[in-house]
Amino acid sequence: MPVRVALKIDVDTDRGTREGVPNLVSDCKEYSVPACFLFSLGPDQTGRAITRIFRPGFFKKVSRTSVVSMYGVRTLLNGTLLPAPHIGRKNERILRAVRDLGYEVGIHTYNHYRWQDYVQKLPIEKIRHEFDLARAEFKRIFGHDAKTAGAPGWQSNALSRQVYDEAHLLYSSDTRGDHPFFPRINGQTFKTLEIPSTLPTFDELLGRPEFPDDKIVSHYMSLLREDRPNIFTLHAEIEGMGKRDLFRALIRAMTLAEVEFVRMDTLAQEYLQNPDSIKVEDQAMAEIDGRSGLVAVQQA
C-alpha cells in the first residue's frame, strides 16, 4: 500500500493571500501535487492577536519562529494601528485563479482573529453569524457553496460543530488526530465527517534545537504511515513565504519516495462511500507539542 499524503493549506492573512498563495500554487503545479486551500475571507485583524501574550507558551513560540520576519510588520499591525484589509474583496481574483487551476477551495474563516480567539466563548447565534459571513463571501467569489471548512488554530466545539452540520459540508478539518471520524462532544454526535491533521506543522518544529532546518524533512518522512492518510496542514504565510525552500525540499523528498498525493475531498468521498465503517470518537480540547494554548483533538 502506498503512503498517501494530503495537503491542507490554511491562508490566514491578506499578505499570505497575495504572496504565499501564488507561491504555493506554483510549487504544487511544478510537482503535480493537489492541495486544498482554505481561505480567510473577511477583515485581516492579525494585529489584535497581541492579546495572546497571556497564553502559556506564546512568547516561547514567537521567539523561536520569528513571527515578525514570517508575517511582516504590516500584517502584525493590521486591525490596530493600520486598517484591516478585507481579504475576500481585495483578493478575489487570486482566489478564483486557485479554483480555476483545479485546486480544492474551502473556508478557513471570515475573521481569523475573532474565530481563533473567541469561538470558545461565543453563543451559537454569533458563531452561526460568523460562519454565515464566510459562506456568503465564499459564494460571492466562487459562485457556489463551500463544501469544506477548517477552523483557525484548531478551535472547535459543540456549537461550531452544529453550525457545520447545518451547512451540509462534505467534511471538515478542525482537529489534530489520527484518522477520519465522526466527532462526539459531551455525548452529542455530529454528522459532518472530520479529517484531522495527522502531522505536526512547520511552526511547531521551527527553532527547536532538536529540529534544525536540515533535519525537518527527514523528520517528516519518518512520520509518514501507510495505514492511514497523512494530513499535512501548512500555512501560506510560512511554507509559502519565509520557509518556502524548506517546503519545496519536503515535497521533493516525498515525490522521490513515490508518495501518493491525494485531494482532501477525494479522501472524504472515499470514506463516505461506507459511512458505517467510520468510527464515532470523542473530540476534546488539549495541549499538543509545540503549540501554545488548547486545540481540538481526536480522542481515539
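About the cut-offs
- Note that residues are indexed from 1 along each chain, following the sequence as it is written.
- Note on the predicted model: pLDDT of at least 70 is required for a residue's local features to be given, and 80 or more for side-chain atom pairs to be given and counted; whole-chain, interface and lining totals, by contrast, use all residues.
- Side-chain measures were taken over the full set of non-hydrogen atoms in the model, leaving aside hydrogen atoms and water.
- The numbering of helices and of strands both runs from the N terminus, where a helix is a DSSP run of H or I of at least 4 residues and a strand a run of E of at least 2.
- Three exposure classes are used, based on accessible area relative to the maximum for each residue type with a 1.4 Å probe and protein chains only: buried under 20%, partly exposed in between, and exposed over 50%.
- What makes two residues a contact is simply this: any of their non-hydrogen atoms within 4.5 Å.
- Exposure was quantified through the Shrake-Rupley algorithm and a 1.4 Å probe, taking into account, for residues, occlusion by the shown protein chains and nothing else.
- Between any two strands, pairing holds if DSSP finds at least two bridges.
- Each polar contact in these results corresponds to two N or O atoms within 3.5 Å; when the atoms are within protein, one needs to be able to donate a hydrogen and the other to accept it, and residues that are neighboring in sequence are counted only if both atoms are side-chain atoms.

Participant: Help me get a handle on the overall build of the protein chain, residues and values and all.
Facilitator: Helix and strand counts for the protein chain come out as 13 helices and 12 strands. Classification of the 300 residues of the protein chain by burial places 56% in the buried group. Taking all contacts inside the protein chain whose residues are at least 6 apart in sequence as the whole, residues at least 24 apart take part in 75%. Working note: accessible area of the protein chain is about 12800 Å², and carbon and sulfur atoms make up 53% of it.

Participant: Give me the lowdown on the pairing of strand β1 (residues 4–11), citing residues and values where you can.
Facilitator: Counted residue by residue, β1 has seven buried out of eight residues, so it is predominantly covered. Bridge count for β1 against strand β9 (residues 230–235) is six bridges, and the pairing is parallel. Paired with Asp10 across the bridge in β9 is His235. Taken together, the four bridges between β1 and strand β2 (residues 36–40) define a ladder with parallel strand orientation. Residue pairing for β2: Val11 is matched across the bridge by Phe39.

Participant: Could you give an account of the sheet that holds strand β6 (residues 182–185), with specific residues and numbers?
Facilitator: Whenever strands of a sheet pair, they do so through backbone hydrogen bonds, lying parallel or antiparallel. Ordered in space as β7-β6-β11-β12, the four strands form an open sheet in which the pairing is mixed. Of all strands in the sheet, those bounded by a partner on one side alone are β7 (188–189) and β12 (295–299). By the bridge criterion, three bridges tie β6 to strand β11 (residues 280–286) in an arrangement that is parallel. Paired with Pro183 across the strands is Glu281, a residue of β11.

Participant: Go over helix α8 (residues 158–167) with me, naming the residues and quoting the values.
Facilitator: Within α8, seven of the 10 residues are buried, which leaves the element mostly enclosed by the surrounding structure. Of the positions making up α8, those classed as buried are Ala158, Ser160, Arg161, Val163, Tyr164, Asp165 and Ala167. Here α8 starts with a cap whose side-chain oxygen sits 3.0 Å from the backbone nitrogen of Leu159, and that cap is Asn157. Once α8 finishes, His168 follows within two positions and takes phi at roughly 55 degrees, a positive value.

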